[in-house]
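Structural features, examined
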Amino acid sequence: MLAEAKIVIDLCGPEGNHRTLMTYAHTLAKRHNLDENAIMDEMLDGGFIHMTSVFKKHFSEWATLTTD
C-alpha cells in the first residue's frame, strides 16, 4: 500500500482559519476512525492557537501546519 501524502495547511494563506481547520479535522477524524466529537470539542475549547495545537496533537501524522 502506498503511503498517503501529508496534507500541508498554510496558516498564513487562505486556509489559515478556524473553519478550514475544523473541516480538515472532521475529514481526518472520520478517515482514521477517531472520536470526532471529542476532538472537535477540544479544538473549540480555546482560541486559534489552542485549536492549532490540538490539531497538531491529533493529526500531525497526516497533516502539517506551516506559517511560511
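Thresholds, definitions, all that
- Residues numbered from 1 in each chain as written.
- Predicted model: local features only at pLDDT ≥ 70, side-chain atom pairs only at ≥ 80, totals over all residues.
- Heavy atoms only, no water.
- Axes fitted to C-alpha atoms, helices over the stretch in contact; angles between N-to-C directions.
- Helix = DSSP H or I, 4+ residues; strand = E, 2+ residues; numbered from the N terminus.
- Parallel < 35°, antiparallel > 145°, perpendicular 65-115°, else oblique.
- Contact = heavy atoms within 4.5 Å.
- Buried < 20%, exposed > 50% of the residue type's maximum accessible area, 1.4 Å probe, protein only.
- Polar contact = N/O pair within 3.5 Å; in protein donor to acceptor, adjacent residues only side chain to side chain.

The next subject is the packing of helix α2 (residues 36–43) against helix α3 (residues 48–59). For the pair α2 and α3, the least separation of the axes is 8 Å and the interaxial angle reads 150°. Taken together, the axis directions place α2 and α3 in an arrangement best described as roughly antiparallel. Of the residues in α3, those in contact with Ile39, Glu42 and Met43 of α2 are His50, Met51, Val54, Phe55, Lys57, His58 and Phe59.

Moving on, we get to the side chain of threonine 52. Along the polypeptide, threonine 52 turns up in helix α3. On the basis of relative accessible area, threonine 52 is assigned to the buried category, the value being 7%. A polar contact is formed between the side chain of threonine 52 and the backbone oxygen of isoleucine 49, at a distance of 2.7 Å. Each residue touching threonine 52, except ones within four places of it in the same chain, is listed here: Leu11, Leu21 and Leu65.

Note that threonine 66 resides in strand β2 (residues 63–66). Apart from residues lying up to four places away in sequence, threonine 66 is in contact with Val8, Ile9, Asp10, Leu11 and Cys12.

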